[in-house]
Number of protein chains: 2
Amino acid sequence: MPERTERLAEHPVAIASDHAGYGLKSDLIRLFSGRVAWLDLGTHSDESVDYPDYGYAVGRAIVEGRASRGVVICGSGVGISIAANRFPGVRAALCVDSTTARLARLHNDANVLALGARIVGIAVATDCLEVFLATEFEGGRHKRRVEKLRVTS
Amino acid sequence: MPERTERLAEHPVAIASDHAGYGLKSDLIRLFSGRVAWLDLGTHSDESVDYPDYGYAVGRAIVEGRASRGVVICGSGVGISIAANRFPGVRAALCVDSTTARLARLHNDANVLALGARIVGIAVATDCLEVFLATEFEGGRHKRRVEKLRVTS
């Protein structure tokens with residue numbers, strides 16, 4: 001994306017995938033390089049791995065403050081989004097469209113974008129990531145709800 | 001669905017939504033009545049409520065064994081799926097297509113279907129629920145991964 005030069009994220013964005021998401025992860029890292037400081041937590045090949053390990057890696061990076069936002073990718077996006085959401089400080093949004101990505105930022109202050117590499121193609125994934133990184137949380141009545149996501153009751 | 005009479009779920013299916021999902025929840029309860037024993041955990045009107053409360057209600061019903069599966073609905077499906085996934089025994093899949101619903105059952109043994117009432121219409125939601133309830137977990141290599149979703153490490 002040489003025509004877009006503005007910085008999309010001030011802090012590192014953690015990214016991880018299983019083998020099914022490895023290709024899409026590589027493409028997104030390349031397409032957003034220069035605009036995003038990536039923290040690539042693997043996997044680093046097509047060799048079969050377990051998606052929870054990679055969802056947890058991004059979750060830990062978020063809660064430990066090593067990254068402000070994250071991207072997680074598996075085949076459908078379901079498994080790795082479940083893993084990331086095990087952390088009370090993570091709000092992972094599985095998106096197959098940029099409308100959901102926008103609403104997830106506006107209303108849920110989502111800090112992790114989850115994608116399914118066997119569900120969406122690169123154009124949709126790019127749109128989702130662009131909107132996810134550029135949209136600010138709306139606050140207001142949504143703040144109370146987001147706070148409730150920190151304490152399971 | 002008078003033409004379909006087979007039972008889709010042996011045990012109660014918990015269902016809950018916020019105000020944005022109230023209409024879709026009512027429609028799904030009606031359309032699947034007779035085939036599904038619903039445990040309706042609210043909300044019961046269009047009055048504004050907080051989605052985490054309803055995601056937690058379904059999560060608790062699953063982990064306490066009052067329901068074998070669940071359905072959660074909010075505007076985008078994102079917020080309430082995050083809430084449900086706070087429980088290590090819950091695997092909530094946000095779906096906007098029946099392919100994802102099928103993969104979520106086959107590979108993730110998803111026990112909660114999350115829907116966005118402002119993202120999908122009744123036909124898509126019906127297809128997702130039909131597939132979610134009718135598809136069995138594939139097991140095999142997916143079993144180890146699902147077990148890892150029980151213990152965040």
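This text goes with the structure placed above it.
Below is a summary of the structure that appears in this document. (Residues numbered from 1 in each chain as written. Chains lettered and ligands numbered in written order. Predicted model: local features only at pLDDT ≥ 70, side-chain atom pairs only at ≥ 80, totals over all residues. Heavy atoms only, no water.)

### Focus: the overall build of chain A
Here's step 1: When helices and strands are tallied, chain A shows six helices and five strands.
Here's step 2: Walking chain A from its N terminus toward its C terminus, one meets helices and strands in the order β-α-β-α-β-α-β-α-β-α-α.
Here's step 3: A globule of 153 residues ought to have a C-alpha radius of gyration of about 15 Å, and chain A, at 14 Å, matches this closely.
Here's step 4: For chain A, the spread of C-alpha atoms along the three principal axes comes to 40 × 35 × 25 Å.
Here's step 5: Out of the 153 residues in chain A, the part that is buried amounts to 57%.
Here's step 6: Once local pairs closer than 6 in sequence are excluded, the contacts in chain A between residues at least 24 apart make up 71%. (Helix = DSSP H or I, 4+ residues; strand = E, 2+ residues; numbered from the N terminus. Rg over C-alpha atoms; globule rule 2.2 N^0.38 Å. Buried < 20%, exposed > 50% of the residue type's maximum accessible area, 1.4 Å probe, protein only. Contact = heavy atoms within 4.5 Å.)

### Remarks on helix 5 (residues 122-134) of chain A
Given 3.6 residues to a turn, an α-helix orients residues that are three or four positions apart in the same direction.
All names here are of chain A.
Here's step 1: Here helix 5 spans 18 Å end to end across 13 residues, near enough to the 18 Å set by a 1.5 Å rise per residue.
Here's step 2: Taken residue by residue, helix 5 has A125, T126, C128, L129, E130, F132 and L133 as its buried positions.
Here's step 3: Its buried side turned inward, helix 5 meets strand 1 (13-17), helix 1 (22-31), strand 2 (38-40), strand 3 (69-74), helix 4 (98-108) and strand 5 (112-116). (Expected span 1.5 Å × (residues − 1).)

### So, helix 4 of chain A
Here's step 1: Considered for burial, the residues of helix 4 of chain A that qualify are T100, A101, L103, A104, R105, L106 and N108 of chain A.
Here's step 2: Where helix 4 of chain A is buried, its residues meet strand 3, strand 4 (92-94), helix 5 and helix 6 (141-148) of chain A together with helix 2 (51-63) and helix 3 (78-84) of chain B.
Here's step 3: Between the side-chain oxygen at the start of helix 4 of chain A and the backbone nitrogen of T99 of chain A there is a gap of 3.2 Å, and the oxygen is on D97 of chain A.
Here's step 4: Residue D109 of chain A follows helix 4 of chain A closely and has a positive phi angle near 50°. (Polar contact = N/O pair within 3.5 Å; in protein donor to acceptor, adjacent residues only side chain to side chain.)

### Overview of the interface of chain A and chain B
Here's step 1: Contacts between the two partners involve 41 residues from chain A and, on the opposite side, 41 residues from chain B.
Here's step 2: Overall, the association of chain A and chain B removes approximately 3,400 Å² of surface from exposure, summing both partners, and the carbon and sulfur fraction of that is 54%.
Here's step 3: On the chain A side of the interface with chain B, the three residues burying the most area are R86, R145 and L149 of chain A, jointly 21% of the side's total.
Here's step 4: Here chain A is connected to chain B by eight salt bridges.
Here's step 5: For the salt bridge of D50 of chain A with K148 of chain B, the shortest nitrogen-to-oxygen distance reads 2.9 Å.
Here's step 6: Along the contact surface separating chain A from chain B lie 26 residue pairs in polar contact (both at pLDDT 80 or more).
Here's step 7: Elements with a contribution of two residues or more to the side of chain A that touches chain B: helix 2 (51-63), helix 3 (78-84), strand 4, helix 4 and helix 6 of chain A.
Here's step 8: Here the element with the most residues in the side of chain A that touches chain B is helix 4 of chain A; it accounts for six residues.
Here's step 9: Residues of the side of chain A that touches chain B, tallied by class, amount to 20 nonpolar, 11 polar and 10 charged. (Buried area = accessible area lost by both parts, 1.4 Å probe. Salt bridge = Lys/Arg side-chain N within 4 Å of Asp/Glu carboxyl O. Nonpolar A, V, L, I, M, F, W, Y, C, P; charged D, E, K, R; others polar.)

### Some thoughts on the packing of aromatic side chains
All names here are of chain A.
Here's step 1: Enumeration over the complete set of coordinates arrives at two aromatic pairs over all chains.
Here's step 2: Taking 6.1 Å as the distance between ring centres and 75° as the angle between the ring planes, the aromatic pair formed by Y56 and F87 counts as edge-to-face. Residue Y56 is located in helix 2, and its partner F87 is located in the loop between helix 3 and strand 4; the two are separated by 31 residues in the primary sequence.
Here's step 3: R69 extends its terminal NZ or CZ atom over the ring of F132, reaching a point 5.6 Å from the ring centre. (Phe/Tyr/Trp six-rings, centres within 6.5 Å; stacked < 30°, edge-to-face > 60°. Lys NZ or Arg CZ within 6 Å of the ring centre and 35° of its normal.)

### Re the relation of the copies chain A and chain B
Here's step 1: If you rotate chain A by 180° and push it 0.0 Å along the axis, it lands on chain B with an RMSD of 0.0 Å. The symmetry that links the two subunits is that of a two-fold axis. In terms of proximity to the rotation axis, the leading residue of chain A is R86 of chain A, whose C-alpha is 2.6 Å off the axis.
Here's step 2: The share of interface residues of chain A whose copies in chain B are also at the interface is 100%, consistent with both copies meeting through the same surface. (Least-squares fit on C-alpha atoms with pLDDT ≥ 70 in both.)

### A word on the sheet that holds strand 5 of chain A
All names here are of chain A.
Here's step 1: Judged by pairing direction, the sheet is parallel, and its five strands sit side by side in the order 2-1-3-5-4 without closing on themselves. The sheet is open, and its two borders are formed by strand 2 and strand 4, each paired with just one other strand. Strand-to-strand twist across the sheet, computed as the mean angle between neighbouring axes with direction ignored, equals 20°.
Here's step 2: In this sheet, strand 5 lies alongside strand 3 in parallel orientation, the contact comprising five bridges. Each bridged residue has a counterpart across the sheet, and for C74 the counterpart in strand 5 is G116.
Here's step 3: Across the sheet, helix 5 touches strand 1, strand 2, strand 3 and strand 5, and the angle it forms with strand 5 is around 175°. (Pairing = 2+ DSSP bridges. Axes fitted to C-alpha atoms, helices over the stretch in contact; angles between N-to-C directions.)

### Structural notes on the nonpolar core
Here's step 1: Core analysis: the biggest nonpolar cluster contains 98 residues, and L115 and L129 of chain A together with L115 and L129 of chain B have the highest contact counts within it.
Here's step 2: Beyond its immediate chain neighbours, meaning those up to four positions away, L129 of chain B contacts L28, F32, W38, V71 and L113 of chain B. (Core = buried A, V, L, I, M, F, W, Y, C linked by side-chain atoms within 4.5 Å.)

### Some thoughts on the packing of helix 6 of chain A against helix 2 of chain B
Here's step 1: The interhelical angle for the contact between helix 6 of chain A and helix 2 of chain B, taken along N-to-C directions, is 25°, at an axis separation of 8 Å. Here helix 2 of chain B runs roughly parallel to helix 6 of chain A, going by the angle between their axes. Between helix 6 of chain A and helix 2 of chain B, the residues in contact are R145, V146 and K148 of chain A and Y51, P52, D53 and Y56 of chain B, respectively. (Parallel < 35°, antiparallel > 145°, perpendicular 65-115°, else oblique.)

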